[in-house]
Amino acid sequence: MESTPKDAKDEKDEVEKTAESDKKADKAGEKNDKSDKKAAKKAAKSTKKAAPKAKKPLPKFVVPLVCAIVALAVGLGIGYFAFGGAASSGSGAVSGKTTVSKSDLDATMATYTYKGKTYKVTVRDVINSTSSLSAQKQSDGTYKIPSTDGVLSYARSQIIEQAAKEKGLTVSSKEMKSYAESTLGSSDYATIASNYGMSESTVKALVKQSALMQKLRNKVVKTKSVSAPTAPTAPSDGNTQTASADYAKYIINLAGDEWDASKGTWTGKGGTYETALKSYTITSTSATYEAAQAAYYVAYQEYSTNQTKITTEWTNYVNKLLCNAKVNMVSLVA
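Residues numbered from 1 in each chain as written. Predicted model: local features only at pLDDT ≥ 70, side-chain atom pairs only at ≥ 80, totals over all residues. Heavy atoms only, no water.

Caption draft 1: Focus on the overall build of the protein. Each helix and strand counted, the protein has twelve helices and ten strands in total. In the protein, buried positions account for 44% of the 334 residues. A fraction of 73% describes how many contacts in the protein between residues 6 or more apart in sequence connect residues 24 or more apart. By element, 51% of the accessible surface of the protein is carried by carbon and sulfur atoms, the whole surface being about 17,900 Å². (Helix = DSSP H or I, 4+ residues; strand = E, 2+ residues; numbered from the N terminus. Buried < 20%, exposed > 50% of the residue type's maximum accessible area, 1.4 Å probe, protein only. Contact = heavy atoms within 4.5 Å. Areas by Shrake-Rupley, 256 points an atom, 1.4 Å probe, with all protein chains shown as cover.)

Caption draft 2: Here's a closer look at the pairing of strand 10 (residues 325-329). Most of strand 10 sits inside the fold, with four of its five residues counted as buried. Where strand 3 (residues 108-114) lies against strand 10, five bridges are found, and the strand directions are antiparallel. Within strand 10, the residue paired with Thr-113 across the bridge is Lys-326. (Pairing = 2+ DSSP bridges.)

Caption draft 3: Spotlight on the confidence of the model for the protein. Summing up the model confidence of the protein, the mean pLDDT is 78 and the portion of residues at 70 or higher is 72%. A low-confidence stretch, residues 1-12 (pLDDT under 50), is modelled with 39 contacts involving residues beyond four sequence positions or located in other chains. The low-confidence segment residues 14-81 (pLDDT under 50) makes 133 contacts with residues lying over four places distant or belonging to another chain. (pLDDT = per-residue confidence, 0-100.)

Caption draft 4: Spotlight on the pairing of strand 4 (residues 117-122). Two elements, strand 3 and strand 4, share six bridges in a ladder whose sense is antiparallel. Residue pairing for strand 4: Tyr-112 is matched across the bridge by Tyr-119. The antiparallel hairpin formed by strand 3 and strand 4 contains two residues in its connecting segment, where Lys-115 sits at a positive phi of about 55°.

Caption draft 5: Structural context of the pattern of salt bridges. This structure, assessed with the given rule, holds seven salt bridges. Between Asp-104 and Lys-97 there is a salt bridge, with the nearest N and O atoms lying 4.0 Å from each other. When its relative accessible area of 35% is taken as the criterion, Lys-97 is described as partly exposed. One salt bridge connects Glu-200 with Lys-204, and the closest N-O pair in it is separated by 3.8 Å. Within this pair, Glu-200 and its partner Lys-204 are both found in helix 9 (residues 200-220), separated by four residues, close to a single helical turn. (Salt bridge = Lys/Arg side-chain N within 4 Å of Asp/Glu carboxyl O.)

Caption draft 6: Expanded view of the packing of helix 8 (residues 189-196) against helix 9. It is at 8 Å that the axes of helix 8 and helix 9 come closest, and there the two elements cross at 105°. Overall, the two elements helix 8 and helix 9 adopt an arrangement that is roughly perpendicular. Counted together, Tyr-189, Ala-190, Ile-192 and Ala-193 of helix 8 and Glu-200, Val-203, Lys-204 and Val-207 of helix 9 form the full contact between these two elements. For the contact of helix 8 with helix 9, the residue count by class is six nonpolar, no polar and two charged. (Axes fitted to C-alpha atoms, helices over the stretch in contact; angles between N-to-C directions. Parallel < 35°, antiparallel > 145°, perpendicular 65-115°, else oblique. Nonpolar A, V, L, I, M, F, W, Y, C, P; charged D, E, K, R; others polar.)

Caption draft 7: Spotlight on the environment of Asn-319. By the secondary structure assignment, Asn-319 is in helix 12 (residues 289-322). Sequence separation between Asn-319 and Arg-156 is 163 residues, and the spatial gap between their C-alpha atoms is 9.8 Å.

Caption draft 8: Looking closely at the packing of aromatic side chains. Evaluation of the coordinates by the stated rule reveals six aromatic pairs. Taking 5.8 Å as the distance between ring centres and 20° as the angle between the ring planes, the aromatic pair formed by Trp-314 and Tyr-317 counts as stacked. Residue Trp-314 and its partner Tyr-317 are located together in helix 12, separated by three residues, close to a single helical turn. An identical accessibility class is assigned to Trp-314 and Tyr-317; each is buried. Each member of the aromatic cluster is reached from another via a ring pair, and the members are Tyr-296, Tyr-300 and Tyr-303. (Phe/Tyr/Trp six-rings, centres within 6.5 Å; stacked < 30°, edge-to-face > 60°.)

Caption draft 9: Quick peek at the nonpolar core. Of all hydrophobic cores here, the largest spans 54 residues; its most connected members are Val-94, Val-123, Val-207, Leu-216, Trp-314 and Tyr-317. Elements represented by at least two residues in this core include exactly strand 3, helix 4 (123-128), helix 6 (148-166), helix 7 (173-184), helix 8, helix 9, helix 12 and strand 10. Core analysis: the second largest hydrophobic core is formed by 24 residues, Trp-266, Tyr-289, Ala-292 and Tyr-296 among them. (Core = buried A, V, L, I, M, F, W, Y, C linked by side-chain atoms within 4.5 Å.)

Caption draft 10: Seen up close, unusual backbone geometry. Look at Lys-115: it is not a glycine, yet its phi comes out positive at around 55°. What makes Lys-115 exposed here is its relative accessible area of 58%.

Written as structure tokens, this is what we have:
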């Protein structure tokens, strides 16, 4: 998995530390320190809001598997279920209990109705959707009853998966492999299963289901996704006033049609970048790192806004599916 772009504010802090160290050894450090503060003030005033703080790359398998691949459906669309009475047909083996024996793993602990058809949810179904029986088996040979949240998560995922199939969407082994590598950093299902105490078959099923959900999201969401911007490279001398043709190119590439290449200046139409960077001196061949930072702030805000739109569209779609579903629970277990 790749990390998000390094926060420009984070880079400013590093520059300030460097400037403070230089100050003790050479008075020239004072100039850099003042420049950093001035740069931060200008960037904040121009963009008003800094990009979210970047996270360091996480080692493979640190993020829980289910959160990593099922959040596509559950995390972005909690959904509105209608709740009915207690589930029937075999629910007596589960009702009033917090644990069950191996013989009761296939007992019905909930049902959900979608498009006029009712589906059973067993203890085994919910456990296998996030873990494995062997991992959840207690020392006395029993198994904890899955939580209500686990049941709802299972039902949500099943309904969304069904919606994807109804649209004729499928996922090939090659697509599963690509999805697993881009999301989890590996397509070695056996190793992933071992790291999470899950069966290999469960991991494959989850990857396939989540890849299918992603296909569905890409199909129903109309807002076009954009890539997260990459922060400009800080100057080696730590001076934010360092100017170069590379910084100018960086800014112009982000600004797009807001920059008039024939005139070597802004178009004068008051676009987002032009407005945010109007206090900086920028030419086709020269711009400071400070100005590039300000441009990065603007780009990240636009990216963040775009992601919010995508999330909202997907959530609304999922909720429309789920508001037509009805869930009957045996009990509400935490």
